[in-house]
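Residues per chain, in single letters:
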Amino acid sequence: MKLLSIRKGYRNILGIGTDNGIIDIEEDIQGNTEWRNVPLTVMEVIHGGEEALQRLKQFVRHLESGREGTTSTTSYLVDKNTMKWGPCVTEPGKIICVGLNYRKHAIETGLPIPKVPILFNKFNNSLSAHGDAILIPQMAKEVDYEVELAIVIGKTGKDLTVTEALDYVFGYCTANDVSARDLQLKTPQWMLGKTCDGFCPLGPYLVTADEVGDPNKLGLRTYVNNEIRQQSNTEDMVFHCNEIISYVSKHMTLSPGDVILTGTPEGVIMGYPPEKQIYLKDGDKVSVEIEKLGTLTNTFRLFALLDGQEQ
């Protein structure tokens, strides 16, 4: 299934992407006591496991077959062009990231290919959604893009083997590991340049693992203002998804809803020759896409504070 979040004020309500369009689960379940156990948020589905997922699938089939036995209709769908997207994972317990995990990316940065996964983290303040504007911090001059496959954990796991690791995955989504390089490289610890507000857009969809298949054979691309900048495949990972999950689980317990960003391929701005390093600026539109998962688009904006007003 393709799960998503529909932002309604301060709430994020569960949506389902189908061939016909997007279903607003809350809107369509109102007054229908027969389906009161259907989850209403993405996090409820993740934490509810297979039982919650099956209940949700039954409800979607009910809608698509037509209400009250009538012929099939699309009246239960919402307009994705007018709805407000939320992050496809809204409350991860942990956001764990892997650095330099593509061979060609390590080479373009002039750094050695890692012997073990390089781990760092983002926090929930960095979450943003498809369509959101991402603010360039006033103190940052070198903001970069990074298309990344994100793994979303579905079951509690500790000390997992490489063989069993993928059994603990709920699904996958497209992520952009937005990075302020000047802040990131101020110290040996990368956190400051990685977890600014909005620097971890996720979406548009969270696609369940059964629909994705092998996560180690997915194409990735990045476009800046419609110009292609990154084009690779997860096959180029130094450590593949099952190896990453196993490695992380040997150091900390993984829980449902945890998100693991698996690294970015070559083509980031930091990898360009110095004379060609033109970092993201106000108005730039960045789209990152991954095969089977969809395209995540954000516009970058710089807000100058003048006389107490945002200009």
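Structure first, text after, so check above.
Just so we're clear, the structure is a prediction, and the values are computed from it rather than from any experiment. (Residues numbered from 1 in each chain as written. Predicted model: local features only at pLDDT ≥ 70, side-chain atom pairs only at ≥ 80, totals over all residues. Heavy atoms only, no water.)

J.: Would you mind showing me how to read helix α2 (residues 42-64) here?
T.: Counted at 1.5 Å a residue, the expected span for α2 with its 23 residues is 33 Å, but the 20 Å between its end C-alpha atoms falls short. At Gly49, α2 shows its maximal bend, which comes to roughly 130 degrees. Among all positions of α2, only Val42, Met43, Val45, Ile46, Ala52, Leu53, Leu56, Phe59, Val60 and Leu63 are buried. Downstream of α2 by one or two residues, Gly66 has phi in the positive range, about 100 degrees. (Helix = DSSP H or I, 4+ residues; strand = E, 2+ residues; numbered from the N terminus. Expected span 1.5 Å × (residues − 1). Bend = angle between axes of the 7 residues up to and from the residue. Buried < 20%, exposed > 50% of the residue type's maximum accessible area, 1.4 Å probe, protein only.)

J.: Help me understand the nonpolar core, please; the structure alone is not making it clear to me.
T.: Note that soluble globular proteins tend to have their nonpolar side chains buried in a common cluster. Counting residues in each nonpolar core, the largest one holds 52 residues, and the members touching the most others are Val143, Leu149, Ile151, Ile245, Ile260, Leu280 and Phe300. Taken together, the elements giving at least two residues each to this core come down to β1 (2-8), β6 (95-99), β11 (147-153), β12 (169-176), β16 (219-224), α7 (241-249), β19 (285-290) and β20 (294-301). Judged by nonpolar contacts, the second largest core, of 38 residues, contains Phe59, Val60, Cys97 and Cys173. (Core = buried A, V, L, I, M, F, W, Y, C linked by side-chain atoms within 4.5 Å.)

J.: Any chance you could explain the layout of surface pockets here in plain terms?
T.: Using a probe with the size of a water molecule, rolled over the atoms, empty space left in the structure can be pinpointed. In this structure, the largest pocket occupies an estimated 240 Å³ of space. As for the largest pocket, its lining consists of Met1, Lys2, Ile16, Gly17, Thr18, Asp19, Lys57, Val60, Arg61, Glu64 and Glu211. The set of elements that each furnish at least two residues to the lining of the largest pocket consists of β2 (11-17) and α2. By residue number, the principal contributor to the lining of the largest pocket is α2, which donates four residues. Of the residues belonging to the lining of the largest pocket, the class tally is three nonpolar, two polar and six charged. Roughly 200 Å³ of internal volume is contained in the second largest pocket. Lining the second largest pocket are 15 residues, and of these Gly49, Glu50, Leu53, Val169 and Phe170 sit closest to its centre. (1 Å grid on protein atoms, 1.4 Å probe; cavity = no way out; pocket = protein on both sides within 12 Å on 5 of 7 lines; lining within 4 Å. Points joined across faces, edges and corners; volume = space filled by probe spheres on them. Nonpolar A, V, L, I, M, F, W, Y, C, P; charged D, E, K, R; others polar.)

J.: Teacher, can you tell me more about the side chain of Asp258 here?
T.: Positionally, Asp258 belongs in the loop between α7 and β18 (259-261). A distance of 2.8 Å separates a polar atom in the side chain of Asp258 from a polar atom in the side chain of Lys94. For Asp258, the side chain forms a polar contact with the main-chain nitrogen of Ser255, separated by 2.8 Å. (Polar contact = N/O pair within 3.5 Å; in protein donor to acceptor, adjacent residues only side chain to side chain.)

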